[in-house]
Amino acid sequence: MMPPDMPFLTRRQGVLHVEELALPELAQAFGTPCHVYSHAALCANLRAFQAALGAHPAGARARVCYAVKANSNLAILNLFARMGAGFDIVSGGELARVLAAGGDAGKVVFSGVGKRRAEIHAALVAKILCFNVESAAELERINEIAGTLGKRAPISLRVNPDVDPQTHPYIATGLKRAKFGVPIDAALALYEHAARLPHIRVEGVDCHIGSQLLDCAPFMEALERLLVLLDALEKRGIPIRHLDLGGGLGVAYRQDEVAPEISACLAPLLDRVADRNLDLIFEPGRRLTAQAGLLLTRVEYLKPGDGVNFAIVDAAMNDLLRPALYGAWHEIVAVAPKTGTPTAIYDVVGPICESGDFLGQKRALAIEPDDLLAILSTGAYGMAMSSQYNTRPRAVEIMVRGNEAHVIRQREEAADLYALERLLPTRATPVPLAGSTPDTDKNVASHAQMC
Ligand SMILES: *Cc1c(COP(=O)(O)O)cnc(C)c1O
């Protein structure tokens, strides 16, 4: 009943523990729902990546840039920064987080199709490692902003190698029709243009073909296609210093899935570039955090139904969106099953007013009201995708390190959720728009008719 790859999770006298701490004690101390992470697992996951690179002669020139969007908690970013990781960001907000967490801007790559002017400006000022440029228009914009700062922006073009990653369509990103990157056939011409722009410095080529890949072959296929491009570029006098192969390495969410070994996946890629003067960049997100986290929730009600029984729990799609968004499957286990509780088949659902608000369907569970459930493998794209829908305060996040439990994000309170909201004035009042000077009398007159 447990997926592999979560060795920090054990059952002792029937009770589920994260490292040295029993989950019922965490629930008692911090309440539910509650995101729980294992410090040891986070360390081990990044170390496994670093070790796979360290074991290879070409690995010394490779770099891990953690994809912040998978889980952007400052404590996790800080841990990875202290372990030497760089970061892959997709917004100015993520840049701010990385810097606030003590990350090194010089190890940051900036991906994303919609980089705004202020975000580009901030990244240039911070001196990031590279912009992963996703369109011709973005290239022009970066050139222009770098010009106003008297800088040359380091860039790589994100190319679409048109490789099928065999994953869910929402997380397949490298196909021809994707909104991401530029088609590989168009890349050569765009690189030639980029090389002539005065405020651009061509550094690399990058791709990100998709997420949750359980087979390494598509990475090699993508690499082969990028190398063809790279050779063509070198022939035209545009040398490439790094290849960024993106993220996407999958994890085993269910027992019948097998996650590829990190070293088995990376070694052939490193072999392939070993005789080249080339740095490699990897942007793993999910693989570093998914199996390091679980969502702890309490059963509120059991509701037997016609053909389907519901276990209504205190976590919901706002805490963990993946099942509702992708039909994603997470293992769900009883934390401390009591002997004698009958097993039944349940849809595990939250209190949100949406039929899509489920965390798991058709699960055999021996549970009673007030029992605790652990939803496993939620460390990536769990809290990071959470919302406050139905005015549900976001859950507390706890990091367990040995026998210590640390709050790494406090539970929100209802008042936090509407703290930025304002009531309308009861009588017509001039409201100046930024930059305009209000003409008081006229505004009152024109806004005087209220319902
Ligand atoms: C989301 C993303 C990643 C990380 O993907 P995972 O599947 O979590 O490893 C890496 N690079 C880019 C550009 C991304 O958009």
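Residues numbered from 1 in each chain as written. Predicted model: local features only at pLDDT ≥ 70, side-chain atom pairs only at ≥ 80, totals over all residues. Heavy atoms only, no water.

This next bit is on the packing of aromatic side chains. Counted according to the given criterion, the structure contains four aromatic pairs. Residues Tyr 66 and Phe 80 carry aromatic rings whose centres are separated by 4.9 Å and whose planes lie at 75° to one another, so their mutual orientation is edge-to-face. Taken together, the residues Tyr 66 in strand β5 (residues 62-67) and Phe 80 in helix α3 (residues 74-82) connect sequence positions 14 residues apart. Ring pairs connect the aromatic residues Tyr 66, Phe 80 and Phe 87, which therefore count as one cluster. Residue placement shows Lys 115 over the ring face of Phe 110; its charged tip is 5.4 Å from the ring centre. (Phe/Tyr/Trp six-rings, centres within 6.5 Å; stacked < 30°, edge-to-face > 60°. Helix = DSSP H or I, 4+ residues; strand = E, 2+ residues; numbered from the N terminus. Lys NZ or Arg CZ within 6 Å of the ring centre and 35° of its normal.)

Taking 1.5 Å as the rise per residue, helix α7 (residues 184-196) with 13 residues should run 18 Å; its terminal C-alpha atoms sit 19 Å apart, in good agreement. Taken together, the buried positions of α7 are occupied by Ile 184, Ala 187, Leu 188, Leu 190, Tyr 191 and Ala 194. Packing partners of the buried residues in α7 comprise α6 (136-148), β9 (153-160), β10 (182-183), β11 (200-206) and α8 (217-235). (Expected span 1.5 Å × (residues − 1). Buried < 20%, exposed > 50% of the residue type's maximum accessible area, 1.4 Å probe, protein only. Contact = heavy atoms within 4.5 Å.)

Split into domains, the chain comes out as domain 1 (9-37 + 290-417) and domain 2 (39-289). For domain 1 versus domain 2, the separation of C-alpha centres amounts to 32 Å. Every contact between the two is made by 23 residues of domain 1 and, on the other side, 22 residues of domain 2. Between domain 1 and domain 2 lies a buried interface of about 2100 Å² when both sides are counted; carbon and sulfur atoms form 57% of it. Considering only the surface of domain 1 that becomes buried against domain 2, Tyr 326, Trp 329 and Tyr 381 emerge as the three largest contributors, covering 29% of it. Our enumeration of links across domain 1 and domain 2 arrives at zero salt bridges. One can count 13 residue pairs in polar contact (both at pLDDT 80 or more) joining domain 1 with domain 2. (Domains from an automatic or database assignment. Buried area = accessible area lost by both parts, 1.4 Å probe. Salt bridge = Lys/Arg side-chain N within 4 Å of Asp/Glu carboxyl O. Polar contact = N/O pair within 3.5 Å; in protein donor to acceptor, adjacent residues only side chain to side chain.)

Read from one edge of the open sheet, three strands run β1-β2-β3, paired in antiparallel fashion. At either margin of the open sheet sits one strand with a lone partner, and together these are β1 (9-12) and β3 (21-22). Pairing analysis gives four bridges linking β1 to strand β2 (residues 15-18), with the strands arranged antiparallel. The partner of Arg 11 across the bridge, within β2, is Leu 16. (Pairing = 2+ DSSP bridges.)

We now examine α3. Taken together, the buried positions of α3 are occupied by Ile 76, Leu 77, Leu 79, Phe 80 and Ala 81. Measuring from the backbone nitrogen of Ala 75 back to the side-chain oxygen at the start of α3 gives 2.7 Å, which picks out Asn 73 as the cap. Remark: Gly 84 follows α3 within two positions and exhibits a positive phi of approximately 100°.

Our next topic: the packing of α6 against α7. Two elements in contact, α6 and α7, have axes whose closest approach is 11 Å; the angle formed by their N-to-C orientations is 10°. Taken together, the axes of α6 and α7 lie roughly parallel to each other. Residues Ala 136, Leu 139 and Glu 140 of α6 touch α7, and the partners they reach there are Leu 190, His 193 and Ala 194. Looking at side-chain class alone, the contact of α6 with α7 contains four nonpolar, one polar and one charged residues. (Axes fitted to C-alpha atoms, helices over the stretch in contact; angles between N-to-C directions. Parallel < 35°, antiparallel > 145°, perpendicular 65-115°, else oblique. Nonpolar A, V, L, I, M, F, W, Y, C, P; charged D, E, K, R; others polar.)

In the structure shown here, the tally under the stated rule is one disulfide. Paired by a disulfide, Cys 216 and Cys 265 hold their sulfur atoms 1.8 Å apart. For the disulfide bridge between Cys 216 and Cys 265, the dihedral angle about the S-S bond is near -120°, and by the sign convention the bridge is left-handed. One end of the pair, Cys 216, is in the loop between β11 and α8; the other, Cys 265, is in helix α9 (residues 262-273), with 49 residues separating them in the sequence. When sorted by exposure, Cys 216 lands in the same class as Cys 265, which is buried. (Disulfide = S-S within 2.5 Å.)

Core analysis: the biggest nonpolar cluster contains 111 residues, and Leu 23, Phe 80, Phe 131, Ile 155, Tyr 191 and Leu 296 have the highest contact counts within it. It is α8 that contributes the most residues to this core, eight residues altogether. For this core, the two domains that each supply at least three residues are domain 1 (9-37 + 290-417) and domain 2 (39-289). Those residues in contact with Leu 296 that lie beyond four places of it in its chain are Leu 23, Leu 26, Ala 27, Thr 32, Pro 33, Cys 34, Val 36, Val 335, Leu 372 and Leu 373. Among the nonpolar cores identified, the runner-up in size contains 15 residues, and Ala 315, Ala 334, Tyr 346 and Leu 365 belong to it. (Core = buried A, V, L, I, M, F, W, Y, C linked by side-chain atoms within 4.5 Å.)

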